[in-house]
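The residues making up each chain are set out below.
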Amino acid sequence: ADCNFVIPDYTGAVTDDKCDNAVVVTQLPLAGTTISGEGFTQTITLTATDNANNASTCSFTIKLKDITPPQITCPANQDVNANADCNFVIPDYTGAVTDDKCDNAVVVTQLPLAGTTVSGEGFTQTITLTATDNANNTSTCSFTIKLIDVTPPLITCPANQDVNADADCN
């Protein structure tokens, strides 16, 4: 999860020496060395030395592969104010907080897209954010927005009027 890998002990590699059964294998970098970074490649060199100080080496590489999805934190559920037409334009929430120890180029996408118009008093829309790192690991989070009508109704009064009273003066 921290994008680290501890190099194991490879000194148990198979050796063959017809004259000496006490071959010593050493390793560089040493077992226990920590490497980090998605895609980082480390060459491991093993050296086999016999009692006569004859030595041979072999090398191989290990490459780190990021398998940990990024972490994403969505905003809390929200009540949002509808405009006078009882609409709300969904803003861009892709700036949500993300954390990925192996990758600082996490891409966040949003559904529905920013700019989508929703409408209706009390209408609730779920927003889903997806964070994807360069190793194609993904994580999602969701939250809701609820439209609140804050626009008072329009009313048009009739013009002032002169009205005739009846015989009872009512």
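Quick notes on the rules
- Residues numbered from 1 in each chain as written.
- Predicted model: local features only at pLDDT ≥ 70, side-chain atom pairs only at ≥ 80, totals over all residues.
- Heavy atoms only, no water.
- Helix = DSSP H or I, 4+ residues; strand = E, 2+ residues; numbered from the N terminus.
- Buried < 20%, exposed > 50% of the residue type's maximum accessible area, 1.4 Å probe, protein only.
- Lys, Arg positive; Asp, Glu negative; His and termini not counted.
- Salt bridge = Lys/Arg side-chain N within 4 Å of Asp/Glu carboxyl O.
- Polar contact = N/O pair within 3.5 Å; in protein donor to acceptor, adjacent residues only side chain to side chain.
- Contact = heavy atoms within 4.5 Å.
- Pairing = 2+ DSSP bridges.
- Axes fitted to C-alpha atoms, helices over the stretch in contact; angles between N-to-C directions.

A.B. asks: An account of the side chain of aspartate 50 is requested, with residue identities and associated values reported.
C.D. replies: Mapping aspartate 50 onto the fold places it in the loop between strand S4 (41-49) and strand S5 (55-63). Buried within the structure, aspartate 50 lacks any salt-bridge partner; its nearest side chain of opposite charge belongs to lysine 18, at an N-O separation of 13 Å. Here alanine 52 takes part through its backbone nitrogen, which lies 3.0 Å from a polar atom of the side chain of aspartate 50. For aspartate 50, the side chain forms a polar contact with the main-chain nitrogen of asparagine 54, separated by 2.8 Å. Each residue touching aspartate 50, except ones within four places of it in the same chain, is listed here: Asp17, Asp20 and Val23.

A.B. asks: Can you lay out the sheet that holds strand S10 (residues 107-111) for me, pointing to particular residues and giving the numbers?
C.D. replies: The strands that make up a sheet pair up through hydrogen bonds in the backbone, lying either parallel or antiparallel. Spatially, the four strands line up as an open sheet ordered S7-S13-S12-S10, and their pairing is mixed. Edge positions in the sheet fall to strand S7 (78-82) and S10, since each of these pairs with one other strand and no more. Pairs of neighbouring strands in the sheet enclose a mean axial angle of 30°, with direction left out of account. Note: S10 against strand S12 (residues 124-132), five bridges, orientation antiparallel. Looking at the pairing, valine 108 lines up with alanine 131 of S12.

A.B. asks: Talk me through the environment of glycine 39; I want residue IDs and the actual numbers.
C.D. replies: With respect to the secondary-structure elements, glycine 39 resides in the loop between strand S3 (34-36) and S4. Taking relative accessible area as the criterion, glycine 39 reaches 27% and is therefore assigned partly exposed. For glycine 39 and lysine 65, which are 26 residues apart along the polypeptide, the C-alpha to C-alpha distance reads 5.8 Å. Filtering out sequence-adjacent residues up to four positions away, glycine 39 remains in contact with Lys63 and Leu64.

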